[in-house]
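# Structural features, examined
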Amino acid sequence: MTSGTLTRASTKDDDLSSLPVVPARHPWRWVGVAFVLVLAAQFVHGLVTNPAWDWPTFARYFTAQSILTAVGTTIFLTVFGTVLGFALGIVVAVLRMSKSPFLSAVGWTYIWAFRSIPLIVQLLFWFNISYLYQRLSLGIPFGPEFVSFETISLISPMGAAVLGLALHQAAYAAEIVRSGVISVDRGQLEAAAALGIPRFRQLRRIVLPQAMRSILPNAANEVISLFKGTSVVSVMAIGELFYQVQVIYGRNARVVALLMVATVWYIILTTLLSIGQHYVERYFARGDRR
Amino acid sequence: MIEVLGVHKSFGSLEVLRGVSLDVAAGEVVVVLGPSGSGKSTLLRTINHLEKVDRGYITIDGDLIGYQRRGGKLHELKEREILKQRKDIGFVFQNFNLFPHLTALENVAEVAQLADARHFLERVGLEDKADAYPRQLSGGQQQRVAIARALATRPKVVLFDEPTSALDPELVGEVLDVLRDLARSGTTMVVVTHEIGFAREVADRIVFIDEGLIVEEGAPEQVLDHPVHERTRAFLSKVL
């Protein structure tokens, strides 16, 4: 730029078109790489040589039956929290986007309420629901009852945990679904309407597949955060992963090693979820490749 | 075939259509000309009830579009009924509005049997692009797929809203060729366009709209070569 004679192709003797092209060099990138590699090496060295990490204890518990069962419980809570949460979330999102002001207000209120209450507080409410309402019954409102149940036998601690996680998740899922739907170009709905495609089919065939592109990264975030968030239900004495390691280190005082057991399991399962996310996103990106 | 009578439409305080009446006979090709903002796109969109009207009505083959007469009033139909009526009215958008996550064939097959969908792609000369996604097609090809899709519900009339305005100049021809074919085969068409040459060649009648009113209408030679109204002359002097 600065020197016109260098950047402008010469008109006279030297023919630049035959010269080889050398890409720009980035020496500072290599300095950065070296810096990060040294830090990483120090960290790994510390993990291996510092006896406080207590790897033998880690190895003994990592695949212990009690831990594997707890991992199963964590997965169970995540799966049910996600599936029920997103199913309810779609319903709430549809309500929130309804043209009817009443339905829209119902959706808005749900989201407002469940985003306002901390998950841990909500879980404790469900856990203690039988103190608030001893009996649940089906019947005519303010009229006769047909059947009634003991609340405590209807809602087990596990049921309360799934219920709490799903209700909490639904509020966030609703907003994610809504953000995906409003990101779809208005012209798509107009085209579908002009073709006379029925409303539900418009949503299922035209809007949702396109909305998925912006829903998925956020949804994956939510699933992963729910997966680790299940550790909150340890307050209800449910034997998920985090509760289980707490129980074990309460007995043997090997806190660090057991926290590492939980950490490594969380990392492994999050990695699997991230890989799954990659493939699902690739599926919904079809049509976007040239 | 299409009857538009006394249609008024406002967006807020802006009156876009101020009493438009228009009859289109079966097999007729009507080209709507007019400056931008004159209401010609809005008129087209009221015909398939993408826009509701404030006053006036539209019928196709004698059936009221979007409304039902009960007592002394016009009641708006349920959305499901309106969607059914739209199967009779093809609509081609300026920006194509193809479904990007579906292939060309799937776009058409969304509203037709697979064999029919192939037939309509053939009709616009794109049978070899059946499995391409919209992004892999040129603008002209996308618009031709959109036309195939609009034809796939076997509509009684097809409305074109500036079908070549979003295209690079060298791609306009292929889309106009398809329109020409349709016109020759007796399709009832209403085309909003700025392509005066196309209007002269294909239109049975030209309608000139300005400020929400039909200013002038007639045969192409008459409106284009001997416009009566001052505003038509002013418009034509800018675009010809």
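Residues numbered from 1 in each chain as written. Chains lettered and ligands numbered in written order. Predicted model: local features only at pLDDT ≥ 70, side-chain atom pairs only at ≥ 80, totals over all residues. Heavy atoms only, no water.

### Focus on the overall build of chain A
Looking only at helices and strands, chain A features 13 helices and two strands. Here the C-alpha atoms of chain A give a radius of gyration of 28 Å, more than 25% beyond the 19 Å that 2.2 N^0.38 yields for 290 residues. If you line up chain A on its principal axes, its C-alpha atoms span 105 × 70 × 30 Å. Across the 290 residues in chain A, those meeting the buried criterion constitute 36%. When the accessible surface of chain A is totalled, it reaches about 18,000 Å², and 68% of it is carbon and sulfur. Across chain A, the 23 positively charged side chains and the 13 negatively charged ones have centroids separated by 3 Å. (Helix = DSSP H or I, 4+ residues; strand = E, 2+ residues; numbered from the N terminus. Rg over C-alpha atoms; globule rule 2.2 N^0.38 Å. Buried < 20%, exposed > 50% of the residue type's maximum accessible area, 1.4 Å probe, protein only. Areas by Shrake-Rupley, 256 points an atom, 1.4 Å probe, with all protein chains shown as cover. Lys, Arg positive; Asp, Glu negative; His and termini not counted. Charge placed at Lys NZ, Arg CZ, Asp CG, Glu CD.)

### Observations concerning the layout of surface pockets
Empty space within the largest pocket amounts to approximately 1,400 Å³. Every element with two or more residues in the lining of the largest pocket is listed here: helix H4 (65-96), helix H9 (157-182), helix H10 (186-194) and helix H11 (199-229) of chain A together with helix H2 (79-86) of chain B. Here the lining of the largest pocket takes seven residues from H11 of chain A, the largest share from any one element. Across the lining of the largest pocket, the residue classes break down as 15 nonpolar, three polar and 13 charged. Estimates place the volume of the second largest pocket at around 390 Å³. In terms of lining, the second largest pocket is formed by 17 residues, of which the most central are Phe86, Met212, Leu216, Ala219 and Val223 of chain A. Those elements giving two or more residues to the lining of the second largest pocket turn out to be H4, H11 and helix H13 (255-284) of chain A. (1 Å grid on protein atoms, 1.4 Å probe; cavity = no way out; pocket = protein on both sides within 12 Å on 5 of 7 lines; lining within 4 Å. Points joined across faces, edges and corners; volume = space filled by probe spheres on them. Nonpolar A, V, L, I, M, F, W, Y, C, P; charged D, E, K, R; others polar.)

### Some points on the interface of chain A and chain B
Taken together, the 26 residues of chain A in the interface contact 24 residues of chain B. Counting each side, the surface lost to burial between chain A and chain B is near 2,200 Å², with a carbon and sulfur contribution of 50%. Considering only the surface of chain A that becomes buried against chain B, Ala194, Leu195 and Gly287 of chain A emerge as the three largest contributors, covering 26% of it. We note a salt bridge from arginine 205 of chain A to glutamate 110 of chain B, for which the minimum N-O separation is 2.7 Å. Counting residues per element, the ones that place at least two in the side of chain A that touches chain B are H10 and H11 of chain A. Partitioned by chemical class, the residues of the side of chain A that touches chain B number nine nonpolar, six polar and 11 charged. (Contact = heavy atoms within 4.5 Å. Buried area = accessible area lost by both parts, 1.4 Å probe. Salt bridge = Lys/Arg side-chain N within 4 Å of Asp/Glu carboxyl O.)

### Notes on the UniProt feature "transmembrane region" (unreviewed entry) in chain A
Here the UniProt-annotated "transmembrane region" (unreviewed entry) positions come out as residues 28-47, 67-95, 107-127, 147-168 and 255-280 of chain A. Each end of residues 107-127 of chain A is marked by a C-alpha atom, and these two atoms are 25 Å apart; helix forms 90% of the span and strand 0%. (UniProt positions renumbered as here; feature names shortened; annotations may be inferred.)

### Considerations on the UniProt feature "domain: ABC transporter" (unreviewed entry) in chain B
The UniProt entry lists residues 2-236 of chain B under the feature "domain: ABC transporter" (unreviewed entry), expressed in the numbering used here. The span residues 2-236 of chain B is 34% helical and 29% strand by assignment, and the distance between its end C-alpha atoms comes to 27 Å.

### Examining the pairing of strand S6 (residues 67-70) of chain B
All names here are of chain B. As paired strands, S6 and strand S7 (residues 73-76) are joined by four bridges and run antiparallel to one another. By the bridge assignment for S7, tyrosine 67 is matched with glutamate 76. Connecting S6 to the next strand, S7, in antiparallel fashion are two residues, including glycine 71 with a positive phi near 60°. (Pairing = 2+ DSSP bridges.)

### Concerning unusual backbone geometry
Not every positive phi belongs to a glycine, and aspartate 54 of chain A is a case in point at roughly 55°. Among the secondary structure elements, aspartate 54 of chain A is positioned in the loop between helix H2 (27-49) and helix H3 (55-62). The backbone phi angle of arginine 154 of chain B is positive, close to 50°, even though this residue is not glycine. Looking at the element boundaries, arginine 154 of chain B is found in the loop between helix H5 (139-151) and strand S9 (157-161). Of the residues examined, arginine 154 of chain B reaches a relative accessible area of 51% and is grouped as exposed.

### Side note on the confidence of the model for chain B
With 100% of its residues at a pLDDT of at least 70, chain B reaches an overall mean of 93. Predicted complex, confidence summary: ipTM 0.90, pTM 0.80. (pLDDT = per-residue confidence, 0-100.)

### Describing the sheet that holds strand S4 (residues 55-60) of chain B
Residue and element names in this part refer to chain B. On the basis of which strands lie adjacent, the open sheet formed by four strands has the order S2-S1-S4-S5 and antiparallel pairing. Edge positions in the sheet fall to strand S2 (14-24) and strand S5 (63-64), since each of these pairs with one other strand and no more. Strand direction decides the pairing type here: strand S1 (residues 2-11) and S2, joined by eight bridges, are antiparallel. Residue pairing in the sheet places isoleucine 2 in a bridge with valine 24 of S2.

### Comments concerning H5 of chain B
If you check H5 of chain B, its first and last C-alpha atoms are 18 Å apart, about what 13 residues at 1.5 Å a residue would give, namely 18 Å. Burial runs high along H5 of chain B: 13 of the 13 residues are buried. (Expected span 1.5 Å × (residues − 1).)

### Considerations on the side chain of glutamine 169 of chain A
All names here are of chain A. Within the secondary structure, glutamine 169 sits in helix H9. Polar side-chain contacts of glutamine 169 include one of 2.7 Å to the side chain of glutamate 222. Discounting residues that sit within four places of it in the chain, glutamine 169 has contacts with Gly81, Gly85, Phe86, Glu222 and Leu226. (Polar contact = N/O pair within 3.5 Å; in protein donor to acceptor, adjacent residues only side chain to side chain.)

### Some thoughts on empty space enclosed by the protein
On inspection of all chains with the given rule, the structure shows three cavities of 30 Å³ or more. Estimated volume of the largest cavity: approximately 50 Å³. At the level of secondary structure, the elements contributing two or more residues to the lining of the largest cavity comprise H10 of chain A together with strand S8 (89-92) and H5 of chain B. Counting residues per element, the lining of the largest cavity draws most heavily on H5 of chain B, at three residues. When the residues that make up the lining of the largest cavity are grouped by side-chain class, the tally is nine nonpolar, no polar and one charged.

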